[in-house]
Amino acid sequence: MRIILLRHGATLSNQASRYLGRTDEPLSKLGIKQSEKAGSLTEIKRVYLSPLSRTKDTAAICFPNAKTIIVEDLTEMDFGDFEGRTAEEMKNDPSYNDWLNNNCESQCPHGESFLSLKKRVKKAFINIVEDVFLQGLDSAAIVAHGGSVMAIMASFADPWQPYFSWHVPNCQGYELLLHKEKWQNNPIIDSYRRFEQLTWVKENCGFNL
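Residues numbered from 1 in each chain as written. Predicted model: local features only at pLDDT ≥ 70, side-chain atom pairs only at ≥ 80, totals over all residues. Heavy atoms only, no water.

Observations regarding the overall build of the chain
And then number 1: Scanning the chain from N- to C-terminus turns up 8 helices and 6 strands.
And then number 2: Listing every helix and strand of the chain by position from the N terminus yields β-α-α-β-α-β-α-α-β-α-β-α-β-α.
And then number 3: A globule of 209 residues ought to have a C-alpha radius of gyration of about 17 Å, and the chain, at 17 Å, matches this closely.
And then number 4: For the C-alpha atoms alone, the extent of the chain along its principal axes is close to 55 × 40 × 25 Å.
And then number 5: Within the chain, the proportion of its 209 residues that are buried is 50%. (Helix = DSSP H or I, 4+ residues; strand = E, 2+ residues; numbered from the N terminus. Rg over C-alpha atoms; globule rule 2.2 N^0.38 Å. Buried < 20%, exposed > 50% of the residue type's maximum accessible area, 1.4 Å probe, protein only.)

What about the environment of serine 17?
And then number 1: Tracing the chain through its elements places serine 17 in the loop between α1 (12-15) and α2 (29-38).
And then number 2: Judged by relative accessible area, serine 17 falls into the exposed class, the value being 54%.
And then number 3: When the C-alpha positions of serine 17 and threonine 55 are compared, they lie 18 Å apart, and in sequence the two are 38 residues distant.

What about the pairing of strand β4 (residues 139-144)?
And then number 1: The buried fraction of β4 amounts to 6 of the 6 residues, a majority that puts the element mostly inside the structure.
And then number 2: Neither face of β4 is open: one carries Ser139, Ala141 and Val143, the other Ala140, Ile142 and Ala144, and all of them are buried.
And then number 3: Looking at chain direction, strand β1 (residues 2-7) and β4 are connected through 6 bridges and run parallel. Residue pairing across strands places arginine 2 opposite serine 139, the latter belonging to β4.
And then number 4: Note: strand β2 (residues 46-49) against β4, 3 bridges, orientation parallel. When the sheet's bridge partners are listed, valine 47 is paired in β4 with alanine 141. (Pairing = 2+ DSSP bridges.)

Overview of unusual backbone geometry
And then number 1: Of note, the amide linkage connecting aspartate 158 to proline 159 takes the cis form, showing an omega dihedral of 5 degrees.
And then number 2: Mapped onto the secondary structure, proline 159 falls in the loop between α6 (146-156) and β5 (173-177).
And then number 3: Backbone geometry at asparagine 103 places phi at a positive 60 degrees, although glycine is not the residue there.
And then number 4: Within the secondary structure, asparagine 103 sits in the loop between α4 (94-101) and α5 (114-135).
And then number 5: Despite not being glycine, cysteine 171 has its phi angle at roughly 65 degrees, a positive value.
And then number 6: In this fold, cysteine 171 is placed in the loop between α6 and β5.

Details of the packing of aromatic side chains
And then number 1: Counted by the stated rule, this structure contains 15 aromatic pairs.
And then number 2: Where phenylalanine 82 meets tryptophan 99, the ring centres are 5.2 Å apart and the plane angle is 45 degrees; that geometry is what we call tilted. Pair noted here: phenylalanine 82 is in the loop between β3 (67-70) and α4 and tryptophan 99 is in helix α4, with a separation of 17 residues, a long-range link.
And then number 3: Each ring, one from phenylalanine 114 and one from tyrosine 163, has its centre 4.6 Å from the other, and the planes form 70 degrees; the classification is edge-to-face. With phenylalanine 114 in helix α5 and tyrosine 163 in the loop between α6 and β5, the pair connects residues that are 49 residues apart, well separated along the chain.
And then number 4: Judged by its relative accessible area of 11%, tyrosine 163 falls in the buried class.
And then number 5: By way of ring pairs, the aromatic residues Tyr19, Phe79, Phe82, Tyr96 and Trp99 are connected into one cluster. (Phe/Tyr/Trp six-rings, centres within 6.5 Å; stacked < 30°, edge-to-face > 60°.)

Shown next as structure tokens:
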């Protein structure tokens, strides 16, 4: 079974390098162009996404024939007091510098921690995989956020790599392959390939377009 794991297109906050977590921001003009340029996979019949507009907008363009399933726990990290601010704006903020010194793993003030993000996204991905197997599908898609994409890969990819090593720019992602019997015995991603555009997926992943 194949899962296309895609980060949403850009928003204005992404373009301004602002921390964007729970704020419900739509795609910017650039984000729409990125999604259109990425192409679409019309064969995908089921797409799982967070409840935020930027994932919904991206999914509508990239997976136009898919049934959308909202998964709350795919939502981006809650950055709390850091939300909507840039690193430059917070360079003299002690709480921000403490967070950086802890490798961004401690809890954001009035937000959540990396461990909290990873725990809920891990649970969400397991439920998604089980649902795809239950539906008898050979392919599906997930449109998520930078943090949730990294959390999925850091939790299930083999061999293991650190969280931040899985970063992908907007509207890029990973093609994941999983086998039901192996997954039930040991929930890991059997293999994966990173892609920059869905057109690459069309050409290289066996879809008959």
